[in-house]
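# Secondary and tertiary structure notes
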Amino acid sequence: MSRGAEYSTRKLTDEQLAQQNQLISQANQQDQSDRAQIMPTIQSLLTSTGYTPQQQSDITQQSLGAANTAYDALRQSAANRVAATNNSAGYGDLLGQIGRQQAQTDASQTQQNQISFANQQLKEQLAGLNALGQTYGVDTNLLGKAMGVPSELLGVRQRASQGSSTSGLGSLFGVGSSIASLFG
């Protein structure tokens, strides 16, 4: 190869390398800018406490309010029956039974709410970890395998916790219908 051809080849190679380095530098700057913008959101997910105390209170009030409304209706129905028949025999026992079942339902609903609150916190923290992994290009499946965790188990806890907050309502209506049958 002649000296002119070598010089030309070297010059073109240096230009190409400079362009590639410039593109890599621009991409790195853009990545850093993107990470700087998204990191506060990821940080808030990682340190998430789940629902705020006000949200927890609202959820609890709403869920217990729905349960207590059904029991209030049962008490009213019992009182109407006593008024219509002018016979209060068994009324006190019935109110006691309604009260015990309401306490059980309220306790069960409160427990379900607490589980839901804990699951929400965990879900948000897992979302933060996932976003962090994606931001820095960490393959969580590969990381899990390196730690000895089968990939099938990754995300199982998160999927299992979704939808668990509604399971208490089935028991509420089951109890309410059993009490309602006493008036039939």
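As the structure is a prediction and not an experimental result, all values here were calculated from the model. (Residues numbered from 1 in each chain as written. Predicted model: local features only at pLDDT ≥ 70, side-chain atom pairs only at ≥ 80, totals over all residues. Heavy atoms only, no water.)

### Some words on the overall build of the protein
Tallying secondary structure elements over the protein gives 6 helices and 0 strands in all. For the protein, the α and β elements follow one another from N to C terminus as α-α-α-α-α-α. Across the 184 residues that make up the protein, the buried fraction comes to 18%. Considering only residue pairs separated by 6 or more positions, the protein has 83% of its internal contacts joining residues 24 or more positions apart. Here the protein displays about 12,400 Å² of accessible surface, and carbon together with sulfur accounts for 54% of that area. (Helix = DSSP H or I, 4+ residues; strand = E, 2+ residues; numbered from the N terminus. Buried < 20%, exposed > 50% of the residue type's maximum accessible area, 1.4 Å probe, protein only. Contact = heavy atoms within 4.5 Å. Areas by Shrake-Rupley, 256 points an atom, 1.4 Å probe, with all protein chains shown as cover.)

### Describing helix α2 (residues 53–85)
Compared with an ideal rise of 1.5 Å per residue, which puts 33 residues at 48 Å, α2 spans 47 Å between its outermost C-alpha atoms and is within 8% of the ideal. Along α2, the residues that are buried comprise T60, S63, L64, A67, Y71, L74 and A78. Phi turns positive, to about 55°, at N86, one or two residues after α2. (Expected span 1.5 Å × (residues − 1).)

### What about the confidence of the model for the protein?
Looking at the protein as a whole, the pLDDT averages 79, with 74% of positions reaching at least 70. For the protein, the element scoring lowest by mean pLDDT is helix α6 (residues 167–180), at 43; α2 scores highest, at 92. In this model, residues 164–184 is a region of pLDDT below 50 whose contacts with residues beyond four sequence positions or in other chains number 31 contacts. (pLDDT = per-residue confidence, 0-100.)

### Comments concerning helix α1 (residues 3–46)
A rise of 1.5 Å per residue sets the reference length of α1, with its 44 residues, at 64 Å; its end C-alpha atoms lie 60 Å apart and thus fit the reference within 8%. Along α1, the largest kink reaches about 40° and is centred on I38; proline P40 follows within four residues of it. (Bend = angle between axes of the 7 residues up to and from the residue.)

### Some words on the nonpolar core
Listed in full, the 5 residues of the largest apolar core are Y71, L74, A78, L94 and I98. Only α2 and α3 (91–135) provide two or more residues apiece to this core. Among the elements that line this core, the one with the most residues is α2, at 3 residues. (Core = buried A, V, L, I, M, F, W, Y, C linked by side-chain atoms within 4.5 Å.)

### What to know about the packing of aromatic side chains
How two aromatic rings sit relative to each other is set out by the distance from centre to centre and by the angle between their planes. Tallied over the entire structure, the rule returns 1 aromatic pair. An angle of 80° between the planes, with centres 5.8 Å apart, marks the rings of Y51 and F117 as edge-to-face. One end of the pair, Y51, is in the loop between α1 and α2; the other, F117, is in helix α3, with 66 residues separating them in the sequence. A residue is classified by how much of its surface remains accessible, and Y51, at 23% relative accessible area, is partly exposed. (Phe/Tyr/Trp six-rings, centres within 6.5 Å; stacked < 30°, edge-to-face > 60°.)

### Things to note about the pattern of salt bridges
When the charged atoms of two side chains lie near each other, side chains of opposite charge can form a pair. Going through the model one piece at a time under the given rule, you end up with 1 salt bridge. Ionic pairing is found between D72 and R75, a salt bridge with its closest N-O pair at 3.4 Å. Of this pair, D72 and R75 both sit in helix α2, 3 residues apart, roughly one helical turn. A relative accessible area of 44% places D72 in the partly exposed class. (Salt bridge = Lys/Arg side-chain N within 4 Å of Asp/Glu carboxyl O.)

### Quick look at the side chain of S63
Here S63 is to be found in helix α2. In terms of polar contacts, S63 uses its side chain to reach the backbone carbonyl oxygen of T60, at 3.2 Å. If sequence neighbours within four positions are ignored, S63 has contacts with Q109 and N113. (Polar contact = N/O pair within 3.5 Å; in protein donor to acceptor, adjacent residues only side chain to side chain.)

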